[in-house]
Amino acid sequence: MPNIKPISDLRNYSDVLRDVSIDAPVFLTKNGRGRYVIMDMQDYEKAQATLKLMNELAKGRKSGEEQGWVAASDVRAHFRAKANEE
(Lines give C-alpha, C1' and ligand atoms only; values in the text may rest on other atoms or scores of the structure.)
Protein backbone atom coordinates (compact mmCIF):
# COMPACT_ATOMS: atom_id res chain seq x y z
CA MET A 1 0.00 0.00 0.00
CA PRO A 2 1.48 3.39 -0.93
CA ASN A 3 2.76 5.63 1.83
CA ILE A 4 1.02 8.97 1.25
CA LYS A 5 1.57 11.99 3.48
CA PRO A 6 0.70 15.67 3.29
CA ILE A 7 3.65 17.93 2.52
CA SER A 8 3.12 19.62 5.87
CA ASP A 9 4.54 16.44 7.47
CA LEU A 10 7.96 17.61 6.23
CA ARG A 11 8.08 19.84 9.30
CA ASN A 12 9.21 16.61 10.94
CA TYR A 13 11.28 15.49 7.98
CA SER A 14 13.22 12.88 9.94
CA ASP A 15 9.95 11.00 10.57
CA VAL A 16 9.10 11.14 6.87
CA LEU A 17 12.59 10.00 5.84
CA ARG A 18 12.38 7.11 8.28
CA ASP A 19 9.44 5.78 6.25
CA VAL A 20 11.41 5.79 2.98
CA SER A 21 13.01 2.46 2.07
CA ILE A 22 13.87 0.38 -0.99
CA ASP A 23 10.70 -0.26 -3.01
CA ALA A 24 8.72 1.93 -0.59
CA PRO A 25 8.75 5.60 -1.61
CA VAL A 26 6.82 8.27 0.26
CA PHE A 27 4.34 10.26 -1.82
CA LEU A 28 3.72 13.82 -0.70
CA THR A 29 0.50 15.67 -1.40
CA LYS A 30 -0.01 19.40 -1.76
CA ASN A 31 -3.55 20.72 -1.42
CA GLY A 32 -4.83 17.16 -1.42
CA ARG A 33 -3.18 16.16 -4.72
CA GLY A 34 -0.10 14.05 -5.35
CA ARG A 35 2.85 16.33 -6.03
CA TYR A 36 6.22 14.89 -4.91
CA VAL A 37 7.95 11.57 -4.27
CA ILE A 38 10.79 10.85 -1.88
CA MET A 39 12.54 7.63 -2.83
CA ASP A 40 15.57 5.61 -1.86
CA MET A 41 18.68 6.38 -3.94
CA GLN A 42 18.89 2.75 -5.10
CA ASP A 43 15.35 2.97 -6.49
CA TYR A 44 16.19 6.25 -8.22
CA GLU A 45 19.30 4.79 -9.86
CA LYS A 46 17.31 1.74 -10.97
CA ALA A 47 14.62 3.97 -12.49
CA GLN A 48 17.24 6.04 -14.32
CA ALA A 49 18.93 2.89 -15.68
CA THR A 50 15.55 1.58 -16.84
CA LEU A 51 14.79 4.85 -18.64
CA LYS A 52 18.19 4.79 -20.33
CA LEU A 53 17.69 1.18 -21.44
CA MET A 54 14.20 1.90 -22.77
CA ASN A 55 15.56 4.91 -24.69
CA GLU A 56 18.32 2.80 -26.27
CA LEU A 57 15.83 0.07 -27.20
CA ALA A 58 13.57 2.67 -28.82
CA LYS A 59 16.54 4.00 -30.82
CA GLY A 60 17.37 0.47 -31.97
CA ARG A 61 13.80 -0.23 -32.99
CA LYS A 62 13.60 3.05 -34.92
CA SER A 63 16.89 2.27 -36.63
CA GLY A 64 15.65 -1.19 -37.59
CA GLU A 65 12.43 0.21 -39.00
CA GLU A 66 14.24 2.93 -41.00
CA GLN A 67 17.38 1.11 -42.13
CA GLY A 68 16.27 -2.53 -42.06
CA TRP A 69 16.76 -5.32 -39.59
CA VAL A 70 19.85 -7.51 -39.21
CA ALA A 71 19.19 -11.22 -39.58
CA ALA A 72 19.59 -13.32 -36.42
CA SER A 73 22.13 -15.54 -38.18
CA ASP A 74 24.28 -12.48 -38.97
CA VAL A 75 24.18 -11.38 -35.33
CA ARG A 76 25.21 -14.87 -34.16
CA ALA A 77 28.05 -14.95 -36.69
CA HIS A 78 29.24 -11.51 -35.52
CA PHE A 79 29.42 -12.55 -31.87
CA ARG A 80 31.01 -15.92 -32.68
CA ALA A 81 33.71 -14.08 -34.63
CA LYS A 82 34.25 -11.71 -31.67
CA ALA A 83 34.51 -14.66 -29.27
CA ASN A 84 37.07 -16.35 -31.52
CA GLU A 85 39.21 -13.19 -31.56
CA GLU A 86 39.74 -13.40 -27.81
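What you see is a predicted model, and the numbers here were worked out from it, not measured in a lab. (Residues numbered from 1 in each chain as written. Predicted model: local features only at pLDDT ≥ 70, side-chain atom pairs only at ≥ 80, totals over all residues. Heavy atoms only, no water.)

**Here's the deal with the confidence of the model for the chain**
Scored by pLDDT, the chain comes out at a mean of 94, with 100% of its residues at no less than 70. The weakest mean pLDDT in the chain belongs to helix H3 (residues 72-85) at 92; the strongest belongs to strand E2 (residues 26-30) at 97. (pLDDT = per-residue confidence, 0-100. Helix = DSSP H or I, 4+ residues; strand = E, 2+ residues; numbered from the N terminus.)

**A closer look at unusual backbone geometry**
Here Asp23, not a glycine, exhibits a phi torsion of approximately 65 degrees, which is positive. Judged by relative accessible area, which is 63%, Asp23 ranks as exposed. Its identity is not glycine, yet Asn31 carries a phi of approximately 55 degrees, on the positive side. Within the element layout of this structure, Asn31 appears in the loop between E2 and strand E3 (33-38). (Buried < 20%, exposed > 50% of the residue type's maximum accessible area, 1.4 Å probe, protein only.)

**Some words on a nonpolar patch on the surface**
Side chains of Ile4, Phe27, Val37, Met39, Met41 and Tyr44 sit close together on the surface and give an oily, nonpolar patch of about 560 Å² of accessible area. Position of Met41 relative to the elements: it lies in helix H2 (residues 41-67). (Patch = residues over 30% accessible without salt bridge, like charges linked within 9 Å, V, L, I, M, F, W, Y side chains within 5 Å. Areas by Shrake-Rupley, 256 points an atom, 1.4 Å probe, with all protein chains shown as cover. Salt bridge = Lys/Arg side-chain N within 4 Å of Asp/Glu carboxyl O.)

**Things to note about the pairing of E2**
Bridging between strand E1 (residues 3-6) and E2 involves four bridges; their strand directions are parallel. When the sheet's bridge partners are listed, Ile4 is paired in E2 with Phe27. Tracing the backbone out of E1, into helix H1 (residues 13-18) and back to the parallel element E2 gives a crossover that is right-handed. Bridge count for E2 against E3 is five bridges, and the pairing is antiparallel. Each bridged residue has a counterpart across the sheet, and for Val26 the counterpart in E3 is Ile38. Hairpin connection between E2 and E3: a loop of two residues separates the two successive antiparallel strands, and Asn31 in this loop has a positive phi of roughly 55 degrees. (Pairing = 2+ DSSP bridges. Right-handed = clockwise from strand over helix to strand, strands pointing away.)

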